[in-house]
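A structural walkthrough
Spelled out from the first residue to the last, the chains are:
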Amino acid sequence: SESTTGIPQWLSTYVGPILTNGSPLFTLTIIAAICVVLTNIMNNVAVGAVFCTICAPLCESAGLNPYIMTMVITMCSQMGFTTPAAFPIALATSDEYCNSNYVLRHGLSMTALSLIVSVLLIYPLSALVFHP
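For the structure given in this document, a descriptive report is provided here. Treat the numbers as computed from the prediction; the structure is a model and nothing was measured.

1. Focus on the overall build of the chain
When helices and strands are tallied, the chain shows 6 helices and 0 strands. The order of α-helices and β-strands along the chain, N terminus first, is α-α-α-α-α-α. Classification of the 132 residues of the chain by burial places 31% in the buried group. When contacts within the chain are restricted to residue pairs at least 6 apart in sequence, those whose partners lie at least 24 apart make up 70%. As displayed, the chain offers around 7900 Å² of accessible surface, 71% of which is attributable to carbon and sulfur atoms.

2. Here's the deal with helix α6 (residues 100-129)
Its 30 residues give α6 an end-to-end C-alpha distance of 41 Å, which sits within 8% of 44 Å, the value for a rise of 1.5 Å per residue. Along α6, the helix axis deviates most sharply at isoleucine 122, where the bend reaches about 30°; the proline proline 124 sits within four residues downstream.

3. Focus: the environment of leucine 104
Within the secondary structure, leucine 104 is located in helix α6. Exposure remark for leucine 104: the relative accessible area of 38% places this residue in the partly exposed category. When the C-alpha atoms of leucine 104 and proline 84 are compared, they prove to be 8.8 Å apart, with 20 residues separating the residues in sequence.

4. Some words on the packing of helix α3 (residues 44-62) against helix α4 (residues 66-76)
One way to put it is that α3 packs onto α4 with a least axis distance of 10 Å and a crossing angle of 155°. In terms of orientation, α3 and α4 fall into the roughly antiparallel class. As for how α3 packs across α4, the hand of that crossing is right-handed. Here Gly48, Phe51, Cys52, Cys55 and Cys59 of α3 come into contact with α4, specifically with Pro66, Met69, Thr70 and Ile73. In the contact of α3 with α4, the residues fall into 7 nonpolar, 2 polar and no charged.

5. Examining the side chain of serine 77
Secondary-structure assignment places serine 77 in the loop between α4 and α5 (87-93). Here threonine 74 takes part through its backbone oxygen, which lies 3.1 Å from a polar atom of the side chain of serine 77. The residues touching serine 77, leaving out its near neighbours within four places in the chain, are Cys35, Thr39, Asn44, Val47 and Gly48.

6. A word on helix α2 (residues 24-39)
In this model, α2 (16 residues) spans 22 Å end to end at C-alpha, consistent with the 22 Å of a helix rising 1.5 Å per residue. Of the residues making up α2, those classed as buried are Thr27, Leu28, Ile31, Ala32, Cys35, Val36 and Thr39. Angularly, the buried residues of α2 cover 160° about the axis, an arc narrow enough to put them on a single face.

7. Regarding the nonpolar core
Ile31, Cys35, Phe51, Cys55, Met69, Ile73 and Cys76 are the most contacted members of the largest nonpolar core, which totals 22 residues. Listing elements by their share of this core, those giving two or more residues are α2, α3, α4 and α6. Here the element with the most residues in this core is α3; it accounts for 6 residues. With residues near it in sequence (within four places) discarded, methionine 69 still touches Leu28, Ile31, Cys55, Cys59 and Leu64.

8. A look at the packing of α2 against α6
Here α2 crosses α6 at 145°, and the two axes come no closer than 10 Å. For the pair α2 and α6, the sense of crossing is right-handed. Judged by residue contacts, Pro24, Leu25, Leu28, Thr29, Ala32, Ala33 and Val36 of α2 engage Thr111, Leu115, Val119 and Tyr123 from α6. Classifying every residue of the contact of α2 with α6 by side-chain character gives 9 nonpolar, 2 polar and no charged.

The rules behind these values
- Residues numbered from 1 in each chain as written.
- Predicted model: local features only at pLDDT ≥ 70, side-chain atom pairs only at ≥ 80, totals over all residues.
- Heavy atoms only, no water.
- Helix = DSSP H or I, 4+ residues; strand = E, 2+ residues; numbered from the N terminus.
- Buried < 20%, exposed > 50% of the residue type's maximum accessible area, 1.4 Å probe, protein only.
- Contact = heavy atoms within 4.5 Å.
- Areas by Shrake-Rupley, 256 points an atom, 1.4 Å probe, with all protein chains shown as cover.
- Expected span 1.5 Å × (residues − 1).
- Bend = angle between axes of the 7 residues up to and from the residue.
- Axes fitted to C-alpha atoms, helices over the stretch in contact; angles between N-to-C directions.
- Parallel < 35°, antiparallel > 145°, perpendicular 65-115°, else oblique.
- Left-handed = near helix turned anticlockwise from the far one by under 90°.
- Nonpolar A, V, L, I, M, F, W, Y, C, P; charged D, E, K, R; others polar.
- Polar contact = N/O pair within 3.5 Å; in protein donor to acceptor, adjacent residues only side chain to side chain.
- Arc of directions from axis to C-beta.
- Core = buried A, V, L, I, M, F, W, Y, C linked by side-chain atoms within 4.5 Å.

Below, the structure written as structure tokens:
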């Protein structure tokens, strides 16, 4: 990310210590959750690109393999299941027979389930493949 925006300095000052003092699984879960939330209100490609760039320096200090972090960010930045800002949901809710409350309720449950499964499966399985 651009250094003139102040985002890297803000992250290293305030967010970095929170994420690097916890376990690698905790750090990965927090970053994945933020990606999932943001991808439901923003463009998923932008979320993935920004988070891969911002979180790469955190990997070493958090004790995470950068390949694992990149896989989780890439997967979680594609989980736009909840809001109409996520493209497939906009198509689903535009149908005259679709109930938007139904889509929101099931989208939230699918998002939560996908987040849990992705973090709990990707972290241990990719640790077997990508040795430090």
